[in-house]
Amino acid sequence: MSSDYEALLNATIEQLQSLKRTGVQFIRIEADTLQTLAKPIPRKVTPMVTAREHQGEVVAAAPVAAFEMSREPLSAEEKEAAMTELRCRAMQCQKCPSLASTRKNVVFGTGNIHTELMFVGEAPGADEDAAGEPFVGKAGQLLTKIIQVMGYNREKVYIANILKCRPDTPGQLSGNRKPTADEMKTCLPYLLAQIQIIKPKAIVALGGTAVEGLFGKTAGIMKLRGNWQSFQNIPVMPTYHPAYLLRNQSISEKRKVWEDMLQVLEKLNQPISDKQRNYFLKAG
Ligand code: SF4
């Protein structure tokens, strides 16, 4: 992509995000412009030929980004360019025909790509599909609160899902379903590329499906939560999905998630106040 195109695209994305923050949900766009935007960007394709170990099975990563999976850290500019290109590819993705035909938006990810902390969830629900942003429904509001109590905010971390499109629920307007193993495998290269670009110092995996998407079949979230895992040499803290905390309001479950977040703060060498240490301790 030319730097002019990239600058224009970034400015457009920023402008749209700023409109969304002010409550704008729809904008008028000419049909011709829409068709032009939907066309692939003319570019030199550098196939990404890496493969990764996934629970003993080698899964070839799809050519989702025009950069090599480099072990060298990318410069800030290279990160911006790689993420912009990846986003463009995801926005046009049709790899899961049924999801592509039913989605309102591709929910790519949001936040700071220069962050040290990344949160990975399962898949967009109806609210996220409508907004084009991950974790904006009730569970998302709880996640936002957790992030704030940790001392960050949504603009300082990066939030993404294993699946970028809402799993379709034929005949239902509001229900959500778990992504299938095939859907997760098909979409995972986008998340892998996001992780490669961001190179966070820690990842929080929110819920059993996120853990399954990253590691394949595991012992399950009940057993894994609170215990550090490693994904491409990046520490991963599995914890409960915020939706679980909405269903199970017990203070002891909230404390478990909070203890996981304290471990994350310690891993990132973040200062922890007494107040932070003592949240939800009344549970006993
Ligand atoms: S879920 Fe992922 S792989 Fe499937 S269509 Fe959406 S972006 Fe493409």
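What you are looking at is a predicted structure, and each value in this text was computed from that prediction instead of being measured.

Engineer: Even after reading the chapter, I still don't get the overall build of the protein chain, so can you show me in this structure?
Structural biologist: Regarding its fold elements, the protein chain presents twelve helices and eight strands. Within the span of the protein chain, comprising 284 residues, buried residues form 45% of the whole. Carbon and sulfur atoms make up 53% of the accessible area of the protein chain, which amounts to about 15,200 Å² in all.

Engineer: Looking at this structure, I do not really get helix 8 (residues 208-215). What am I missing?
Structural biologist: Each α-helix winds once per 3.6 residues, and so residues spaced three or four apart point in a common direction. Burial of helix 8 is extensive: seven of the eight residues sit out of reach of the surface. Glycine 216 lies just past helix 8 and shows a positive phi near 80 degrees.

Engineer: Quick question: what am I supposed to make of the nonpolar core here?
Structural biologist: The tendency in soluble globular proteins is for nonpolar side chains to be buried side by side. Membership of the largest hydrophobic core comes to 64 residues, with the highest contact counts inside it found for Leu117, Met118, Phe119, Met150, Leu191 and Leu214. If near-sequence neighbours (up to four positions away) are discounted, leucine 191 is found in contact with Met118, Val120, Ala160, Asn161, Ile162, Lys164 and Leu214.

Engineer: Sorry, what's going on with empty space enclosed by the protein here?
Structural biologist: A probe matching the size of a water molecule, rolled over the atoms, marks out where space remains unfilled. Under the definition given, this model contains two cavities of 30 Å³ or more. Taken as a whole, the largest cavity encloses approximately 110 Å³ of empty space. For the lining of the largest cavity, the element with the highest residue contribution is helix 7 (residues 181-198), accounting for three residues. Here the lining of the largest cavity is built from residues that sort into nine nonpolar, one polar and three charged.

Engineer: Looking at this model, I keep getting lost on the site of the ligand. Mind explaining?
Structural biologist: Inspection of the region around the ligand gives Cys93, Lys95, Cys96, Leu99, Arg103, Leu163, Lys164, Cys165, Thr186, Cys187 and Tyr190 as its neighbouring residues. At a threshold of 2 Å from the grid points, most atoms of the ligand map onto the largest cavity. Of the residues forming the shell around the ligand, the biggest block, three residues, is contributed by helix 7. Its residues assigned to classes, the shell around the ligand shows seven nonpolar, one polar and three charged.

Engineer: When you look at the pattern of salt bridges in this model, what are you seeing that I'm missing?
Structural biologist: Between side chains of opposite charge, a pair can form as their charged atoms come close. Under the definition given, this model contains nine salt bridges. Here glutamate 133 ties to arginine 154 by a salt bridge, and the two come within 3.0 Å at their closest N and O atoms. Taken together, the positions of glutamate 133 in the loop between helix 5 (126-131) and helix 6 (138-149) and arginine 154 in the loop between helix 6 and strand 5 (158-161) put the pair 21 residues apart, joining distant regions of the chain. A relative accessible area of 19% means that glutamate 133 is categorised as buried. One salt-bridge network, held together by shared partners, links Asp168, Arg177 and Glu183.

Engineer: Can you help me understand unusual backbone geometry in this one?
Structural biologist: Residues other than glycine seldom take positive phi values, yet asparagine 269 does so here, at roughly 55 degrees. Within the fold, asparagine 269 resides in the loop between helix 11 (251-267) and helix 12 (274-277). At phenylalanine 280, a residue that is not glycine, the phi angle is positive and equals roughly 60 degrees. Along the chain, phenylalanine 280 turns up in the segment after helix 12. Using a relative accessible area of 33% as the deciding quantity, one classes phenylalanine 280 as partly exposed.

Engineer: It is not clear to me how the sheet that holds strand 3 (residues 110-111) should be interpreted in this structure. Could you clarify?
Structural biologist: In space, the six strands of this open sheet follow the order 3-5-4-6-8-7, with mixed pairing throughout. Both edges of this open sheet fall to strand 3 and strand 7 (229-231), since each of them pairs with a single strand only. Judged from the four bridges that link them, strand 4 (residues 117-121) and strand 6 (residues 202-206) form a sheet pairing that is parallel. Its bridge partner being in strand 6, methionine 118 is matched across the sheet by isoleucine 203.

Engineer: Please explain the confidence of the model for the protein chain as it appears in this structure.
Structural biologist: Do not read the fine detail of predicted coordinates wherever pLDDT is low. Mean pLDDT over the protein chain: 84, with 76% of residues reaching 70 or higher. Per-residue pLDDT stays below 50 along residues 42-69; that stretch engages in 60 contacts with residues further than four places along the chain or on separate chains.

Engineer: Would you explain the pairing of strand 4 in this entry?
Structural biologist: Residues in a regular strand point their side chains to alternate faces of the sheet. With five of its five residues buried, strand 4 lies for the most part within the structure. The two faces of strand 4 match: Leu117, Phe119 and Gly121 on one face and Met118 and Val120 on the other face are all buried.

Definitions and limits used
Residues numbered from 1 in each chain as written. Predicted model: local features only at pLDDT ≥ 70, side-chain atom pairs only at ≥ 80, totals over all residues. Heavy atoms only, no water. Helix = DSSP H or I, 4+ residues; strand = E, 2+ residues; numbered from the N terminus. Buried < 20%, exposed > 50% of the residue type's maximum accessible area, 1.4 Å probe, protein only. Areas by Shrake-Rupley, 256 points an atom, 1.4 Å probe, with all protein chains shown as cover. Core = buried A, V, L, I, M, F, W, Y, C linked by side-chain atoms within 4.5 Å. Contact = heavy atoms within 4.5 Å. 1 Å grid on protein atoms, 1.4 Å probe; cavity = no way out; pocket = protein on both sides within 12 Å on 5 of 7 lines; lining within 4 Å. Points joined across faces, edges and corners; volume = space filled by probe spheres on them. Nonpolar A, V, L, I, M, F, W, Y, C, P; charged D, E, K, R; others polar. Near = heavy atom within 4 Å. Sits in = over half its atoms within 2 Å of the grid points. Salt bridge = Lys/Arg side-chain N within 4 Å of Asp/Glu carboxyl O. Pairing = 2+ DSSP bridges. pLDDT = per-residue confidence, 0-100.

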